[in-house]
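# A closer look at the structure
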Amino acid sequence: KNIIANFSRIRYFLTIGTKGNGTTNLIAGRNTYDAGTIVSITATPATGWKFDGWGGAISENNAAVTINMDSNKNVTANFSRIRYTLDINARGNGTTNIAAGGHIYDAETIINVTATPAAGWKFDGWSGDITENIRTVTINMDTNKNVTANFSRITYTLSLNIRGGGNTNPKAGFQTYDEGTMVNIIA
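The rules behind each value
Residues numbered from 1 in each chain as written. Predicted model: local features only at pLDDT ≥ 70, side-chain atom pairs only at ≥ 80, totals over all residues. Heavy atoms only, no water. Helix = DSSP H or I, 4+ residues; strand = E, 2+ residues; numbered from the N terminus. Rg over C-alpha atoms; globule rule 2.2 N^0.38 Å. Contact = heavy atoms within 4.5 Å. Areas by Shrake-Rupley, 256 points an atom, 1.4 Å probe, with all protein chains shown as cover. Lys, Arg positive; Asp, Glu negative; His and termini not counted. Charge placed at Lys NZ, Arg CZ, Asp CG, Glu CD. Phe/Tyr/Trp six-rings, centres within 6.5 Å; stacked < 30°, edge-to-face > 60°. Buried < 20%, exposed > 50% of the residue type's maximum accessible area, 1.4 Å probe, protein only.

## Notes on the overall build of the chain
- Tallying secondary structure elements over the chain gives zero helices and 16 strands in all.
- Whereas a compact globule of 187 residues would reach a radius of gyration of roughly 16 Å, the chain reaches 34 Å, over 25% beyond that.
- In terms of overall dimensions, the chain has C-alpha extents of about 145 × 20 × 20 Å along its principal axes.
- Intrachain contacts of the chain at a sequence separation of at least 6 include 49% that bridge at least 24 residues.
- A total of about 11900 Å² of accessible surface is found on the chain, and carbon and sulfur atoms cover 47% of it.
- The chain carries 16 positive and 13 negative side-chain charges, and their two centres are separated by 4 Å.

## Overview of the packing of aromatic side chains
- For the structure shown, the criterion picks out four aromatic pairs.
- Relative to W54, the ring of F51 has its centre 5.5 Å away and its plane inclined at 65°; by these criteria the two rings are edge-to-face.
- Judged by relative accessible area, F51 falls into the buried class, the value being 16%.
- With a centroid separation of 5.7 Å and an interplanar angle of 65°, the aromatic rings of F123 and W126 are classed as edge-to-face.
- With a relative accessible area of 5%, W126 lands in the buried category.
- Through a chain of ring-to-ring contacts, three or more aromatic side chains come together here, namely F51, W54 and F79.

In structure tokens form, the structure reads like this:
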């Protein structure tokens, strides 16, 4: 009698998943490897996303890891949105269509901010991460941003001239007043 012994390699499953928006260098789903194989896995986040670490059989925060196939394994690459803060301020008397303070936005979000001066005030321009002189600006949230809408009083110049002798109160010459100011002139 012939007796034949049959042997086969032990094989294990590596199941790869992703949570959030990103990919791995290996195809997501079930992959089969011989026992003892060392498998390299790299996670790559999509634009506007970041890699947060591995879950399952791997608990590392490095995007590139290796795993020893000594049993069936499940791993998940975890990704989350990159978020940035837009700090809006107003200097002087006026408002913005987005309230003053800190606001959190996903990376690459496009924000339109409009400055509106109060009565008797004018818009002088933006300062900080935006330095435009137009009331409505477009901000791309590609980093944390800090912007200030600058307002100042509207002023007018009163020119007083004297013909002949005498004085005036206020004095003759040029006087500057805020818009809406009532000026009593005494000759």
